[in-house]
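For reference, the chains in residue letters:
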Amino acid sequence: MEDRIIRATAKDGAIRIIGATTTNLLNEAIRIHKTTPTASCAMGRMLTAGVLMGAMLKNDKDVLTLKIDGGGPIKGITVTAYADGRIKGIVGNPNVQLPPRQNGTIDVSGAIGKNGMLTVIKDLGLKNPYVGQVKIYTGEVGEDVAYYYTTSEQTPSAVAVGVMFNKDLEASAAGGFIIQMMPDADPLLADLVQYRLEEMPSTTEMINNGKTIDEIISNIFEDMDLKIHDDGKPYYGCDCSREKIETALISLGKKELSNIIADRKDEEIGCSFCGSRYIFTPEEMEQLMEKAK
Ligand SMILES: [Zn+2]
């Protein structure tokens, strides 16, 4: 099944809903970053949260970065989301592997840690980006993003993000949703939605059983005048290029570049988001040095 994002409202706009399935894009990220199951699970939750949050961006050029770093052995995860559904991410330590908890679940909060911050950076094309930050609440990602929206943006939100794996340690199901109550929403409505969320199986279980995100959202809001406004396809993708790497190298300055060139060997520079490799010969590095300050 293809990955999918939907944007919807219920109860005349009093409830805003974004849902996504992200199984394929997570498997792409697992191939690139060669993550262990613990790291894959944490990364999958962050990528899904990024896709959902990115879907709330209003303009094509807006960019959202979501970072979590709780001092745990995974050494932080950063994802960058674009308005068109594109997402990319970096995991500090893709090799972290923790034993499962007694109930068999993957110890995501153990990998992320709880002593640190969840940071949201929105580049909306203004002079300065918007930066919001909250303390890590549980380190399980979903609750942390909900806590961020509720406190930092004063929008009560329910967030579910999850991943399930098959025997080959590929994701068999990944996805989730963000449900937000608008300020004029009836408080009883929030209670009713909360009750339904608690009664239903986990989102990933439903995705794993072949349910589409449309069906999952429709199940929750079937009698609440649900309107699906638009949909799209999230995907893992990087926008790195040789030109961008050159610009970054030039910005290092003449002195730093001359240090790098000193060994007279080819320099290989890898992109941390997608694994692409760019090779610069000493002659090419010298040309860049001429452009540097
Ligand atoms: Zn790249």
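Residues numbered from 1 in each chain as written. Predicted model: local features only at pLDDT ≥ 70, side-chain atom pairs only at ≥ 80, totals over all residues. Heavy atoms only, no water.

Asker: Whenever I open this one, the pattern of salt bridges confuses me. Can you help?
Answerer: Side chains that differ in charge, positive against negative, can pair when their charged atoms come close. Tallied over the entire structure, the rule returns 19 salt bridges. Note that R31 and E28 form a salt bridge whose closest N and O atoms lie 3.4 Å from each other. Here E28 and R31 lie together in helix α1 (residues 23–33), a separation of three residues that amounts to about one turn. Given the relative accessible area of 32%, E28 is considered partly exposed. Of the charged contacts in the structure, one is a salt bridge between K227 and D225, with a shortest N-O distance of 3.1 Å. A residue is classified by how much of its surface remains accessible, and K227, at 40% relative accessible area, is partly exposed. (Salt bridge = Lys/Arg side-chain N within 4 Å of Asp/Glu carboxyl O. Helix = DSSP H or I, 4+ residues; strand = E, 2+ residues; numbered from the N terminus. Buried < 20%, exposed > 50% of the residue type's maximum accessible area, 1.4 Å probe, protein only.)

Asker: Help me understand the packing of aromatic side chains, please; the structure alone is not making it clear to me.
Answerer: Any pair of aromatic rings gets described here by the distance separating the centres and the angle formed by the planes. This model, assessed by the stated rule, comprises two aromatic pairs. Residues Y137 and Y147 carry aromatic rings whose centres are separated by 4.7 Å and whose planes lie at 10 degrees to one another, so their mutual orientation is stacked. In this pair, Y137 sits in the loop between β7 (130–135) and α4 (142–151) while Y147 sits in helix α4, placing the two residues ten residues apart along the sequence. For Y147, a relative accessible area of 31% gives the class partly exposed. Arranged with centres 5.2 Å apart and planes meeting at 65 degrees, the rings of Y148 and Y149 form a pair that is edge-to-face. Like Y148, the residue Y149 is buried in the burial classification. Over the face of the ring belonging to Y82 we find R86, whose NZ or CZ atom lies 3.8 Å from the ring centre. (Phe/Tyr/Trp six-rings, centres within 6.5 Å; stacked < 30°, edge-to-face > 60°. Lys NZ or Arg CZ within 6 Å of the ring centre and 35° of its normal.)

Asker: What am I meant to see in the coordination of the zinc ion here?
Answerer: The reference angle at a metal is 109.5 degrees if four donors form a tetrahedron and 90 or 180 degrees if six donors form an octahedron. Here the zinc ion is held by C238 (SG), C240 (SG), C271 (SG) and C274 (SG), and the distances to it run 2.2 to 2.3 Å. Bound by four donor atoms, the zinc ion shows angles of 103 to 114 degrees at the metal and therefore tetrahedral coordination geometry. Mapping the donors of the zinc ion onto the primary sequence gives the spacing C-x1-C-x30-C-x2-C. Separated by 34 residues along the polypeptide, C240 in the loop between β11 (235–236) and α8 (242–251) and C274 in the loop between β12 (267–270) and β13 (277–280) bring together distant segments of the chain. Using a relative accessible area of 19% as the deciding quantity, one classes C274 as buried. (Donors = N, O, S within 2.8 Å, 3.2 Å for Na, K, Ca; no water. Tetrahedral: all angles 85-135°; square planar, octahedral: opposite > 155°, others 65-115°.)

Asker: What's the story with the side chain of T65 in this structure? I'm lost.
Answerer: Among the secondary structure elements, T65 is positioned in strand β3 (residues 63–69). Classification of T65 by relative accessible area gives buried; the value is 15%. The contacts of T65, once residues within four sequence positions are left out, are T78, V79, T80, T119, V120 and I121. (Contact = heavy atoms within 4.5 Å.)

Asker: Please explain the domain arrangement of the protein chain as it appears in this structure.
Answerer: By convention, interface size is frequently given as the accessible area that disappears when the constituent parts associate. In terms of domains, the protein chain is made up of domain 1 (4–236) and domain 2 (242–291). In this structure, domain 1 and domain 2 have C-alpha centres spaced 36 Å apart. With seven residues of domain 1 at the contact, the number on the domain 2 side is four residues. The junction of domain 1 with domain 2 conceals about 440 Å² of combined surface from both sides, 72% of it contributed by carbon and sulfur atoms. The largest share of the area that domain 1 buries against domain 2 comes from I32, K88 and I90, three residues that together contribute 72% of it. Viewed at the interface, domain 2 and domain 1 are joined by zero salt bridges. Taken together, the connections running from domain 1 to domain 2 amount to two residue pairs in polar contact (both at pLDDT 80 or more). Contributing elements (two or more residues each) for the side of domain 1 that touches domain 2: α1 and β5 (86–91). A per-element tally of the side of domain 1 that touches domain 2 places β5 first, with three residues. (Domains from an automatic or database assignment. Buried area = accessible area lost by both parts, 1.4 Å probe. Polar contact = N/O pair within 3.5 Å; in protein donor to acceptor, adjacent residues only side chain to side chain.)

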